[in-house]
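Report on the structure
Below are the chains, spelled out letter by letter.
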Amino acid sequence: MKRIGFLSFGHWSDSPGSQTTSASDVLLQSIDLAVAAEEVGADGAYFRVHHYANQLASPFPLLAAAGAKTSRIELGTGVIDMRYENPLYMAEDAGAADLIAGGRLQLGISRGSPEQVIDGYRYFGYEAPEGSTMADVARNNATVFLQVIDGARFAEPNPRPMFPNPHPGPLGIQPQSPGLSERIWWGAGSDSTAVWAAEQGMNLMSSTLKEDESGEPFHVQQRRQIEAYRAAWAEAGHEREPRVSVSRSIFAIVNDTDRRYFVGGGDRSDQFGVIDDFRAVFGRSYADEPDALIEQLRDDEAIAAADTLLLTVPNQLGVDYNAHVLESILTHVAPALGWR
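If you're wondering where the values come from, they're calculated on a predicted model, not measured in any experiment.

Here we take up the overall build of the protein. Scanning the protein from terminus to terminus reveals ten helices and 13 strands. In summary, the protein has a C-alpha radius of gyration of 20 Å against a globular reference of 20 Å for 340 residues, a match within 12%. Across the 340 residues that make up the protein, the buried fraction comes to 51%. Put simply, 73% of the contacts in the protein that link residues at least 6 apart link residues at least 24 apart.

Another aspect to go through is the pattern of salt bridges. Counted by the stated rule, this structure contains 18 salt bridges. The partner of E74 in a salt bridge is R3, and the shortest N-O contact between them spans 2.5 Å. Of the two residues, E74 sits in strand 3 (residues 74–81) while R3 sits in strand 1 (residues 3–8), which places them 71 residues apart along the sequence. Among the residues examined, R3 registers a relative accessible area of 40% and is labelled partly exposed. R279 is the salt-bridge partner of D212, the closest N and O atoms lying 2.8 Å from each other. In this pair, D212 is assigned in the loop between strand 7 (209–211) and helix 6 (218–236) and R279 in strand 11 (residues 278–282), connecting sequence segments 67 residues apart. By relative accessible area, R279 is classed as partly exposed at 46%.

Right, let's talk about the pairing of strand 13 (residues 308–313) for a bit. Extensive coverage of strand 13 is indicated by the burial of six of its six residues. Residues T308, L310 and T312 point to one face of strand 13 and L309, L311 and V313 to the other, with burial holding for every one of them. As defined by bridge partners, strand 8 (residues 244–248) adjoins strand 13 across four bridges and the pair is classed as parallel. For V246, the partnering residue across the bridge sits in strand 13 and is L309.

Turning to the pairing of strand 2 (residues 44–47), a few remarks are in order. The side-chain alternation of strand 2 yields two buried faces, one formed by G44 and Y46 and the other by A45 and F47. Here four bridges tie strand 1 to strand 2, and the two strands are oriented parallel to one another. For G5, the partnering residue across the bridge sits in strand 2 and is G44. Crossover connection from strand 1 via helix 1 (residues 23–40) to parallel strand 2: handedness right-handed. Pairing of strand 2 with strand 3, which is carried by four bridges, proceeds in the parallel orientation. What sits directly across from A45, in strand 3, is L75. Remark: the strand 2/helix 2 (residues 59–69)/strand 3 crossover connection has right-handed handedness.

Going from G78 to V79, the amide bond is cis rather than trans, its omega being 5°. Within the secondary structure layout, V79 lies in strand 3. Here the residue pair Q174 and P175 is connected by a cis peptide bond, since its omega of 0° sits within 30 degrees of zero. By the element assignment, P175 lies in the loop between helix 4 (134–149) and strand 5 (184–187). For Y52, which is not glycine, the phi dihedral falls at a positive 65°. Looking at the element boundaries, Y52 is found in the loop between strand 2 and helix 2.

Let's shift gears to the sheet that holds strand 1. Read once around its circumference, the closed barrel built from eight strands follows the order 1-2-3-4-5-6-8-13, with strand pairing classed as parallel. In this sheet, neighbouring strand axes are inclined to one another by 25° on average, regardless of whether the strands run parallel or antiparallel. Here helix 1 sits on the sheet in contact with strand 1, strand 2, strand 3 and strand 13, set at roughly 165° to strand 1. Packing of helix 3 (residues 87–100) onto the sheet brings it into contact with strand 3 and strand 4 (105–110), and relative to strand 4 it is tilted by some 155°.

This next bit is on the nonpolar core. Of all hydrophobic cores here, the largest spans 76 residues; its most connected members are L75, I109, F145, I184, I250, V333 and W339. F145 has contacts with M82, P87, M90, A91, A94, L107 and I184, leaving out every residue within four places of it along the chain. By size, the runner-up hydrophobic cluster in this structure holds seven residues, among which are I253, F262, A287 and L317.

Moving on to helix 5 (residues 191–200). Along helix 5, the residues classified as buried are T193, A194, W196, A197 and A198. Where the residues of helix 5 are buried, they touch helix 4, strand 5, strand 6 (203–206) and helix 6. Positive phi shows up at G201, right after helix 5, with a value of about 85°.

About the criteria used
- Residues numbered from 1 in each chain as written.
- Predicted model: local features only at pLDDT ≥ 70, side-chain atom pairs only at ≥ 80, totals over all residues.
- Heavy atoms only, no water.
- Helix = DSSP H or I, 4+ residues; strand = E, 2+ residues; numbered from the N terminus.
- Rg over C-alpha atoms; globule rule 2.2 N^0.38 Å.
- Buried < 20%, exposed > 50% of the residue type's maximum accessible area, 1.4 Å probe, protein only.
- Contact = heavy atoms within 4.5 Å.
- Salt bridge = Lys/Arg side-chain N within 4 Å of Asp/Glu carboxyl O.
- Pairing = 2+ DSSP bridges.
- Right-handed = clockwise from strand over helix to strand, strands pointing away.
- Axes fitted to C-alpha atoms, helices over the stretch in contact; angles between N-to-C directions.
- Core = buried A, V, L, I, M, F, W, Y, C linked by side-chain atoms within 4.5 Å.

Any functional reading would require information beyond the geometric quantities listed.
If you want it as structure tokens, here you go:
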């Protein structure tokens with residue numbers, strides 16, 4: 001059994017055929033898609049976070065609104081770039097959104113993906129201290145974030161506060177949402193960062209690309225990454241079971257509209273290339289009739305190893321069509337593979 005959700009990049013443009021021509025369209029349709037996904041039986045609604053682009057950027061208003069409109073589905077990110085975040089302010093936003101959603105947030109965080117601009121975090125007021133990198137900054141911010149959402153008390157109280165303090169001694173970030181610290185995921189692009197995530201007690205979020213560390217097929221390298229993560233988790237001695245997600249582009253062709261969009265659209269092999277100065281392997285996409293899809297997906301070792309599968313969706317095609325994309329996988333593919 002797997003939890004199956006969608007991952008939306010939240011694009012908008014005025015190109016022909018786009019049903020999201022503005023930021024307003026994307027935000028409102030993202031809420032509606034979370035509602036529709038819950039109705040068709042999906043388990044998660046996840047949203048990418050990109051700055052300086054015609055895509056979703058500030059996730060917490062969206063997560064809070066989707067949380068208020070749904071009752072069961074998990075709501076998450078994939079991923080928040082921690083180079084851009086004040087971890088204390090983020091903790092306040094995350095705690096409030098999680099309380100509104102009734103404890104359903106699943107927040108993917110990371111060092112972030114390639115940017116639209118050069119060193120965009122500098123415009124947000126952040127730079128790496130001498131002797132460190134922005135990857136170090138992202139990890140440090142993540143560590144602080146985990147501590148403060150887990151109730152760390154660190155701020156010296158004012159002896160003459162405007163309101164009485166709830167207890168003696170240092171104060172921490174409010175509001176607190178119980179259990180949120182166990183629902184933080186690290187988006188790992190390499191085996192070593194997956195191991196680090198395990199050591200920190202975060203769940204693992206692995207995307208459709210990773211650093212090419214062996215030349216093997218993507219799904220094999222990703223499965224090895226998952227194994228390294230789980231071994232490091234066991235070595236760290238954490239008491240709970242971790243969660244692991246992978247992302248895939250999978251489209252079941254079941255009607256004429258699907259055929260028009262996706263016949264011939266699946267990649268039959270992985271791709272290798274250079275991104276952010278490292279060699280990466282990009283996983284293939286899947287688009288075929290259900291019986292063929294089922295046979296192709298049986299061979300994906302990383303999907304088999306993960307407990308959560310996030311399906312990337314073409315959000316510009318609108319809510320109704322994307323709900324159909326999800327329902328097609330849940331109905332025609334998932335049961336045959338034992339995911340449902």
